Amino acid sequence: MISDHHPLEKESGIDSIRAIRALSNKRFPAILLINDFAFRDDILTAEEINVLRKPVDPHQLRALLATMTII
């Protein structure tokens, strides 16, 4: 799952990932796209949510996708 983070909206990209994981009862790979350089991405490590900062480098995205295991 790739989700865009909008911290000022009612639900953020993190909330979306958590909700869909809960509904599917699966811990699938996830990428969160952010444009906030002050965002602490270390808080997402335990949840296995990868973070890419915008603008996203297509080579970086492709490399990250290649390392993910699809369940």
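Definitions and cut-offs
- Residues numbered from 1 in each chain as written.
- Predicted model: local features only at pLDDT ≥ 70, side-chain atom pairs only at ≥ 80, totals over all residues.
- Heavy atoms only, no water.
- Salt bridge = Lys/Arg side-chain N within 4 Å of Asp/Glu carboxyl O.
- Helix = DSSP H or I, 4+ residues; strand = E, 2+ residues; numbered from the N terminus.
- Pairing = 2+ DSSP bridges.
- Axes fitted to C-alpha atoms, helices over the stretch in contact; angles between N-to-C directions.
- Contact = heavy atoms within 4.5 Å.
- Core = buried A, V, L, I, M, F, W, Y, C linked by side-chain atoms within 4.5 Å.
- Buried < 20%, exposed > 50% of the residue type's maximum accessible area, 1.4 Å probe, protein only.

Caption draft 1: Structural view of the pattern of salt bridges. Inspection of the entire model under this criterion finds three salt bridges. Across the salt bridge formed by Arg18 and Glu47, the nearest N and O atoms sit 2.5 Å from each other. Remark: Glu47 occurs in the loop between strand S2 (30-34) and strand S3 (49-53) and Arg18 occurs in helix H1 (residues 13-24); sequence separation between them is 29 residues. Arg27 is the partner of Glu48 in a salt bridge, and the nearest nitrogen-oxygen pair spans 3.6 Å. Here the residue Glu48 occupies a position in the loop between S2 and S3, and Arg27 occupies one in the loop between H1 and S2, the gap between them amounting to 21 residues.

Caption draft 2: Spatial organisation of the sheet that holds S3. Read from one edge to the other, the open sheet built from three strands follows the order S1-S2-S3, with strand pairing classed as parallel. The two strands at the open ends of the sheet, each matched to only one other strand, are strand S1 (2-4) and S3. Direction aside, neighbouring strands of the sheet carry axes that sit 25 degrees apart on average. Looking at chain direction, S2 and S3 are connected through five bridges and run parallel. Each bridged residue has a counterpart across the sheet, and for Ala30 the counterpart in S3 is Ile49. Running over the sheet, H1 touches S1, S2 and S3 and is turned about 165 degrees from S2. Docked against the sheet, helix H2 (residues 58-67) engages S1, S2 and S3, running at close to 170 degrees with respect to S3.

Caption draft 3: Layout of the nonpolar core. Counting nine residues, the largest nonpolar core is built from Ile14, Ile17, Ala30, Leu32, Ile34, Phe39, Leu44, Ile49 and Val51. At the level of secondary structure, the elements contributing two or more residues to this core comprise H1, S2 and S3. For this core, the element with the most residues is S2, which contributes three residues. Once residues within four sequence positions are removed from consideration, Ala30 is found in contact with Met1, Ile17, Arg21, Glu48, Ile49, Asn50 and Met68. Formed by five residues, the second largest nonpolar core is a distinct cluster that contains Ile31, Leu33, Leu52 and Met68.

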